[in-house]
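Results of the structural survey
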Amino acid sequence: MPHHALEVLLTRPISPAELRAAARRVPLAANADSTRLMALCPGKSEERAARRLRRHLTTALPIDVITTHYPDTSGDVLLNVTFTPAVHTALRHSAEQAGRTPEQVVERALHRALARHDRNETERLARALSHLLTGTTPASFLAAVGQVLARTPGAAP
């Protein structure tokens, strides 16, 4: 059975004791601030592996979202999210009215939210750059950007 790389995003940092207890159920690796975990989980599909991981960890950890660590061939990442019964009922109702599945409704909402975030971020950066360019020349600005990027760890060469 194939193994799938899954990332667990937590609602809060976990203690070392919580991590040890959860790692007894499933081998896990935590990030530095213990808010994200990595796991290799067996399953016939990514969806099944994510469900299995959630089943094993849901009582031990404050799980927010489980995602696939690597995008699929379409560039998509699987999100495994649980909803309260009231939210799930409302979601099913909205999906029925729209003639879609609940998954399609959530996917469309996520795409709209991400597009809105991208637009807002682009507008914010454009305003900040316009403000910076009012007091300098484009050549001076580009030289300063180059200096900053050269000093920034992890920046593209």
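In this report, the structure presented in the accompanying data block is examined. Computed from a prediction, not measured in an experiment: that's the story for all the values here.

Things to note about the overall build of the protein
Within the protein, the secondary structure is distributed over five helices and five strands. Ordered by position in the sequence, the α and β elements of the protein form the string β-α-β-β-α-β-β-α-α-α. Here the protein has a C-alpha radius of gyration of 21 Å; the compact-globule value for 157 residues is 15 Å, and the former is much larger. When its C-alpha atoms are laid out on the principal axes, the protein stretches across 60 × 45 × 30 Å. Among the 157 residues that make up the protein, the fraction classed as buried is 20%. Carbon and sulfur atoms provide 58% of the accessible area of the protein, an area that totals close to 11100 Å². For the protein, the separation between the mean place of its 20 positive charges and that of its 14 negative charges on side chains is 5 Å.

A few points about the sheet that holds strand β2 (residues 29–30)
With respect to topology, five strands assemble into an open sheet ordered β2-β3-β1-β4-β5, the strand pairing being antiparallel. Edge positions in the open sheet fall to β2 and β5 (79–80), since each of these has one partner strand only. Summarising the sheet, β2 and strand β3 (residues 36–42) pair through two bridges and their orientation is antiparallel. Bridging from a neighbouring strand, A29 pairs with M38 of β3. Sheet contacts for helix α2 (residues 46–57): β1 (3–10), β3, β4 (63–68) and β5; angle to β4, the most-contacted strand, approximately 155 degrees.

Concerning the side chain of N80
Looking at the secondary structure, you find N80 in strand β5. Given the relative accessible area of 13%, N80 is considered buried. Here the side chain of N80 touches R54 through a polar contact of 2.4 Å, side chain to side chain. With sequence-adjacent residues up to four places away left out, N80 is seen in contact with A50, R51, R54, V65 and I66.

What to know about a positive patch on the surface
A cluster of like positive charges, contributed by R100, R108, R112, R116 and R119, occupies part of the molecular surface. Within the element layout of this structure, R119 appears in helix α4 (residues 102–133). By relative accessible area, R119 is classed as partly exposed at 48%.

Some words on the pattern of salt bridges
Taken as a whole and judged by the stated rule, the model has three salt bridges. Among the salt bridges present, the one from E18 reaches R12, with a minimum N-O distance of 2.7 Å. The partly exposed category is assigned to R12, whose relative accessible area is 37%. The shortest N-O distance in the salt bridge between E121 and R124 comes to 2.7 Å. Of this pair, E121 and R124 both sit in helix α4, three residues apart, which is roughly one turn of that helix.

Rules and cut-offs
- Residues numbered from 1 in each chain as written.
- Predicted model: local features only at pLDDT ≥ 70, side-chain atom pairs only at ≥ 80, totals over all residues.
- Heavy atoms only, no water.
- Helix = DSSP H or I, 4+ residues; strand = E, 2+ residues; numbered from the N terminus.
- Rg over C-alpha atoms; globule rule 2.2 N^0.38 Å.
- Buried < 20%, exposed > 50% of the residue type's maximum accessible area, 1.4 Å probe, protein only.
- Areas by Shrake-Rupley, 256 points an atom, 1.4 Å probe, with all protein chains shown as cover.
- Lys, Arg positive; Asp, Glu negative; His and termini not counted.
- Charge placed at Lys NZ, Arg CZ, Asp CG, Glu CD.
- Pairing = 2+ DSSP bridges.
- Contact = heavy atoms within 4.5 Å.
- Axes fitted to C-alpha atoms, helices over the stretch in contact; angles between N-to-C directions.
- Polar contact = N/O pair within 3.5 Å; in protein donor to acceptor, adjacent residues only side chain to side chain.
- Patch = residues over 30% accessible without salt bridge, like charges linked within 9 Å, V, L, I, M, F, W, Y side chains within 5 Å.
- Salt bridge = Lys/Arg side-chain N within 4 Å of Asp/Glu carboxyl O.

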